[in-house]
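Descriptive structure summary
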Amino acid sequence: MTSSITSTSGTAPGGRSPLAIELVALDIAGTTVEEGGAVYDALHTAVLEHGSGATSSDIQHWMGAEKRAAITALLAIGSGAPGDAPDEATVDAAFSRFTVLLHEAYRLNPPTPIPGAPEAFAALRAAGVKVALTTGFTRDVTQGILDVLGWTVASGPGQWLSPEVTLDAVTCADEVPLGRPAPYMVHRDMERTGVLDVARVLVAGDTVLDLRSGVNARAGAVVGVLTGKLGAADLGRERHDFLLDSVAELPGLVARLNA
């Protein structure tokens, strides 16, 4: 593994020192939740069953994306003439199959927190830093994961940073105009937590699209974590400010930036 904290520059992102972080926006699968690659497997199986010629590399390219958009793109691979878009009925069927496969995988092997993630949430929030999640999942899939984990979400300003809940906000891909790499889920988390300055937001995730979303959001810090399928060499090629072994190390990083 890499060293615990690797910075791409000698100062805080954007040339400011120190950098005050008010909100940490984190991906779910592979970043804060261990789910054994079920998303990857379900996505690949669903599109192969509906005529796609997608390889494992093709699937990896779309990890972190809104799942219907990913399925649409993957179904176009190896099916018909180049550039042909799959019909809506096929997309619907593949998406439905993906959802069934994912629910079944989660039933057999329930998702668990990435080691140290709940403790990191609590430490960040105790320090006055709000914690929110973003995901390429729909709200119904996301809520099922949260329920299994026992993670609760603030219902409004009265519960921001409250120890009575786990998280300050969660935004799903079906709640914004476009999923990653668009910045909209990060911005929606800002709306839902009352954070006004995107330079005071840290975005972290385990996929290329997670990092691109943070960059497109103009986040104050973009952090790659190595608990997903990509190692330091692959994830490190994408624009970022820091690489961490896991989100468990975020409280230390944020404390440094906020010092």
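Just above sits the structure.
Below or above, wherever it landed, is the structure these notes cover. Residue positions are counted from 1 within each chain, in the order its sequence is given. For this predicted model, a pLDDT threshold of at least 70 governs which residues receive local features, and a threshold of 80 or more governs which side-chain atom pairs are given and counted, while totals over whole chains, interfaces and linings are taken from all residues. Water and hydrogen atoms play no part in the side-chain values, which are based on all heavy atoms of the structure.

**So, helix 1 (residues 38-49)**
The condition is simple: Each helix corresponds to a stretch of at least 4 residues labelled H or I by DSSP, and each strand to a stretch of at least 2 residues labelled E; elements are numbered beginning at the N terminus. By this rule the span expected of a helix is its residue count minus one, scaled by 1.5 Å. Two residues form a contact once any of their heavy atoms are found within 4.5 Å.
Between its terminal C-alpha atoms helix 1 stretches 16 Å, which fits the 16 Å expected from twelve residues at 1.5 Å a residue. Buried residues belonging to helix 1 abut helix 2 (56-61), helix 3 (67-75) and helix 4 (88-108).

**Notes on the packing of helix 3 against helix 4**
Stated formally: In this analysis an axis means a line fitted to C-alpha atoms, helices contributing only their contacting stretch, and an angle means the value between N-to-C directions, from 0 to 180 degrees. In these notes the angle categories are as follows: under 35 degrees is roughly parallel, over 145 is roughly antiparallel, 65 to 115 is roughly perpendicular, and the rest is oblique. Crossing handedness follows the turn of the near helix against the far one: under a right angle anticlockwise gives a left-handed crossing, and clockwise gives a right-handed one. Amino acid classes used here: Ala, Val, Leu, Ile, Met, Phe, Trp, Tyr, Cys and Pro are nonpolar; Asp, Glu, Lys and Arg are charged; the rest, including Gly, are polar.
The geometry of helix 3 relative to helix 4 is characterised by a closest axis approach of 10 Å and an angle of 120° between their N-to-C directions. Classed by the angle they form, the pair helix 3 and helix 4 counts as oblique. Here helix 3 and helix 4 pass one another in a crossing that is right-handed. Between helix 3, through Lys-67, Arg-68, Ile-71, Thr-72 and Leu-75, and helix 4, the contact on the second element is made entirely by Glu-88, Thr-90, Val-91, Asp-92, Ala-94, Phe-95 and Phe-98. Residue composition of the contact of helix 3 with helix 4, grouped by class: six nonpolar, two polar and four charged.

**Things to note about the layout of surface pockets**
Just so we agree on the cut-off: Cavity means a closed set of points on a 1 Å grid over the protein atoms alone, one where a 1.4 Å probe fits but cannot get out, pocket means an open set with protein on both sides within 12 Å along at least 5 of 7 lines, and lining means a residue has an atom within 4 Å of a point. Grid points are joined across faces, edges and corners, and a volume is the space filled by probe spheres set on the points.
In this structure, the largest pocket spans a volume of roughly 270 Å³. Lining the largest pocket are 24 residues, with Ala-29, Gly-30, Glu-35, Met-63 and Asp-206 sitting closest to its centre. When residues of the lining of the largest pocket are traced back to their parent elements, those giving at least two are strand 3 (33-34) and helix 1. Of the residues belonging to the lining of the largest pocket, the class tally is six nonpolar, ten polar and eight charged.

**Some details on the packing of helix 5 (residues 117-126) against helix 10 (residues 250-257)**
One way to put it is that helix 5 packs onto helix 10 with a least axis distance of 9 Å and a crossing angle of 25°. In this view, helix 5 runs roughly parallel relative to helix 10, as classed from their interaxial angle. Where helix 5 abuts helix 10, its residues Ala-120, Ala-123 and Leu-124 lie against Leu-250, Pro-251 and Val-254. Among the residues forming the contact of helix 5 with helix 10, the class breakdown is six nonpolar, no polar and no charged.

**Let's talk about helix 6 (residues 139-149)**
Operational definition: Type-normalised accessible area, obtained with a 1.4 Å probe on protein chains alone, sets the label of each residue: buried when under 20%, exposed when over 50%, and partly exposed for intermediate values. By arc we mean the arc of the directions from the helix axis to the C-beta atoms, nothing more.
Within helix 6, the full set of buried residues consists of Val-141, Thr-142, Ile-145, Leu-146 and Leu-149. Buried residues of helix 6, viewed axially, fall in a sector of 135°; they line one side. For helix 6, the exposed residues lying more than 90 degrees away from the buried face are Asp-140 and Asp-147. Positive backbone phi, approximately 75°, marks Gly-150, located one or two places after helix 6.

**Some remarks on the pattern of salt bridges**
Applicable threshold: A carboxyl oxygen of Asp or Glu within 4 Å of a side-chain nitrogen of Lys or Arg is what we treat as a salt bridge.
Scanning the model with the defined rule gives 13 salt bridges in all. Here Glu-22 and Arg-200 are joined by a salt bridge, their closest N and O atoms 3.8 Å apart. Of the two residues, Glu-22 is situated in the loop between strand 1 (5-7) and strand 2 (23-27) and Arg-200 in the loop between helix 7 (184-193) and strand 7 (201-205); the sequence distance between them amounts to 178 residues. Under the relative-accessibility criterion, Arg-200 is labelled partly exposed at 30%. Glu-175 is the partner of Arg-192 in a salt bridge, and the nearest nitrogen-oxygen pair spans 3.0 Å. Separated by 17 residues along the polypeptide, Arg-192 in helix 7 and Glu-175 in the loop between strand 6 (169-172) and helix 7 bring together distant segments of the chain. For Arg-192, a relative accessible area of 31% translates into the label partly exposed. One salt-bridge network, in which partners are shared between bridges, spans Glu-22, Asp-197 and Arg-200.

**Points about the environment of Ser-56**
By secondary structure assignment, the location of Ser-56 is in helix 2. Expressed as a C-alpha distance, the spacing of Ser-56 and His-44, which sit twelve residues apart in the sequence, is 7.5 Å. Residues within four places of Ser-56 in sequence aside, it is in contact with Tyr-40 and His-44.

**Here's the deal with the side chain of His-240**
What counts is decided by this rule: Think of a polar contact as two N or O atoms within 3.5 Å of one another; within protein, one of them needs to be a possible hydrogen donor and the other a possible acceptor, and neighboring residues in sequence only count if both atoms come from side chains.
The topology assignment puts His-240 in the loop between helix 9 (232-236) and strand 9 (242-244). A polar contact of 2.7 Å, which involves the side chain of His-240, links it to the backbone oxygen of Glu-238.

**Focus: the pairing of strand 6**
Put simply, the test is: Being paired, for any two strands, means DSSP has found at least two bridges between them. Convention used here: a crossover is right-handed provided that the path from the first strand, over the helix, to the second strand proceeds clockwise when the strands point away from the viewer.
Side chains of strand 6 alternate between two faces, with Ala-169 and Thr-171 and Val-170 and Cys-172 buried alike. In terms of strand pairing, strand 5 (residues 130-135) meets strand 6 through four bridges, oriented parallel. By the bridge assignment for strand 6, Thr-135 is matched with Cys-172. Where the polypeptide runs from strand 5 across helix 6 and back to strand 6, its parallel neighbour, the crossover connection is right-handed.

The values are spatial; any link to function lies outside them.
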